[in-house]
Amino acid sequence: MKSVVLGFSGGIDSQSAARCLRDEGWRVVALTIDTLGDEAMISRAQRSAEALGIEWMSYDARQRFESDIINYFCQEYIAGRTPAPCTRCNTHIKWQILLEQANRLGVDHIATGHYFNIEQRNNKFYVAKGVDIAKDQSYYLWGLSQEILSRAITPMGSIIKSEIKESFKDKS
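### Examining the overall build of the chain
Okay, so step 1: Helix and strand counts for the chain come out as six helices and six strands.
Okay, so step 2: The secondary structure elements of the chain, listed N-terminal to C-terminal, are β-α-β-α-β-α-α-β-β-β-α-α.
Okay, so step 3: Relative to the globule expectation of 16 Å for 172 residues, the C-alpha radius of gyration of the chain, 16 Å, shows essentially globular dimensions.
Okay, so step 4: Split into buried and exposed, the 172 residues of the chain put 46% on the buried side.
Okay, so step 5: Restricting the contact set of the chain to residue pairs at least 6 apart, pairs at least 24 apart contribute 68%.
Okay, so step 6: Split by element, the accessible area of the chain, about 9300 Å² in all, is 49% carbon and sulfur.
Okay, so step 7: A distance of 2 Å separates the average location of the 21 positive side-chain charges in the chain from that of its 21 negative side-chain charges.

### Considerations on the environment of Phe8
Okay, so step 1: Relative to the assigned elements, Phe8 resides in the loop between β1 (3-7) and α1 (12-23).
Okay, so step 2: Residue class for Phe8 comes out buried when judged on its relative accessible area of 3%.
Okay, so step 3: With 65 residues separating them along the chain, Phe8 and Phe73 place their C-alpha atoms 24 Å apart.
Okay, so step 4: Apart from the residues within four sequence positions on either side, Phe8 is in contact with Ser14, Gln15, Ala18, Ala30, Leu31, Thr32, Ala45, Ser48, Ala49, Leu52, Ile54 and Trp56.

### Side note on the packing of aromatic side chains
Okay, so step 1: Per the counting criterion, the structure on display carries three aromatic pairs.
Okay, so step 2: Ring geometry for Phe73 against Tyr77: centres 6.1 Å apart, planes inclined by 10°, an arrangement best described as stacked. In this pair, Phe73 and Tyr77 both sit in helix α3 (residues 62-78), four residues apart, roughly one turn of the helix.
Okay, so step 3: The exposure class assigned to Phe73 is partly exposed, which follows from its relative accessible area of 35%.
Okay, so step 4: Summarising the aromatic geometry, the rings of Tyr139 and Tyr140 are spaced 5.5 Å apart at their centres and angled 75° between planes, so their arrangement reads as edge-to-face.
Okay, so step 5: By relative accessible area, which is 35% here, Tyr140 ends up partly exposed.
Okay, so step 6: Here Arg88 stacks its cationic end above the ring of Tyr72, 4.4 Å away from the centre of that ring.
Okay, so step 7: Directly above the aromatic system of Tyr126 lies the positively charged group of Arg121, at a separation of 4.3 Å from the ring centroid.

### Let's talk about the packing of α3 against helix α4 (residues 85-105)
Okay, so step 1: It is at 9 Å that the axes of α3 and α4 come closest, and there the two elements cross at 165°. One finds that α3 runs roughly antiparallel with respect to α4. You can see that α3 and α4 cross each other, and the crossing is right-handed. Here Arg64, Phe65, Asp68, Ile69, Tyr72 and Phe73 of α3 lie close against α4, whose contacting residues are Pro85, Arg88, Cys89, His92, Ile93, Gln96, Ile97 and Glu100.
Okay, so step 2: Split into classes, the residues belonging to the contact of α3 with α4 amount to eight nonpolar, two polar and four charged.

Procedures and definitions
- Residues numbered from 1 in each chain as written.
- Predicted model: local features only at pLDDT ≥ 70, side-chain atom pairs only at ≥ 80, totals over all residues.
- Heavy atoms only, no water.
- Helix = DSSP H or I, 4+ residues; strand = E, 2+ residues; numbered from the N terminus.
- Rg over C-alpha atoms; globule rule 2.2 N^0.38 Å.
- Buried < 20%, exposed > 50% of the residue type's maximum accessible area, 1.4 Å probe, protein only.
- Contact = heavy atoms within 4.5 Å.
- Areas by Shrake-Rupley, 256 points an atom, 1.4 Å probe, with all protein chains shown as cover.
- Lys, Arg positive; Asp, Glu negative; His and termini not counted.
- Charge placed at Lys NZ, Arg CZ, Asp CG, Glu CD.
- Phe/Tyr/Trp six-rings, centres within 6.5 Å; stacked < 30°, edge-to-face > 60°.
- Lys NZ or Arg CZ within 6 Å of the ring centre and 35° of its normal.
- Axes fitted to C-alpha atoms, helices over the stretch in contact; angles between N-to-C directions.
- Parallel < 35°, antiparallel > 145°, perpendicular 65-115°, else oblique.
- Left-handed = near helix turned anticlockwise from the far one by under 90°.
- Nonpolar A, V, L, I, M, F, W, Y, C, P; charged D, E, K, R; others polar.

Function cannot be read off these values alone, since they describe shape.
This is the structure in C-alpha cells:
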C-alpha cells in the first residue's frame, strides 16, 4: 500500500487532505508538529485523526521553532528588515520534519493541507499555484528543496476552499 506522512493540525485543510488521500487508497500517517506547546491543538489533531481512522503521531519542534523562527524574526526585525517567518518555517521546520519522519518510518511521500501544486520540467520540480487563486499558498513554499518536492504530493492543489467549507457544514 502506498503511504504518506501528512502534516496534520486537525483543522479543515489537513482533515480534508487526509480524507482525500485516505479515499484514494493511501495509508495516511498524520504528523502533528508542536511548535508552541499548544495542548488544545495537539488534542484536536489526535481526535480528528482518530475520527478519520488514520494513524497519528506528534513531534515536539518547540526548540527548533524558537531557534530557527522566533530568533530569526527578532533579528530581522531589529535589523530593520521585514521577516517572512511562514516561508522560513515551511522550509526549515514543517516540511523538513515531515521528510525526516518519513525517512525514519520508511515512507516515500509527504504532504500537507497547503493549497499549491508541483510541476516538473527538465527533471526539476517547481512549486506552482493551486487551482484556488483566493487560497493559493505557493508563495510560502517557494524555498522547498528538490528532495522535498520530489517526494511531496499535493492533495489540496486542485481543491477550492469554499467547497471544503461547505462539505464540513454538511457534516455538522
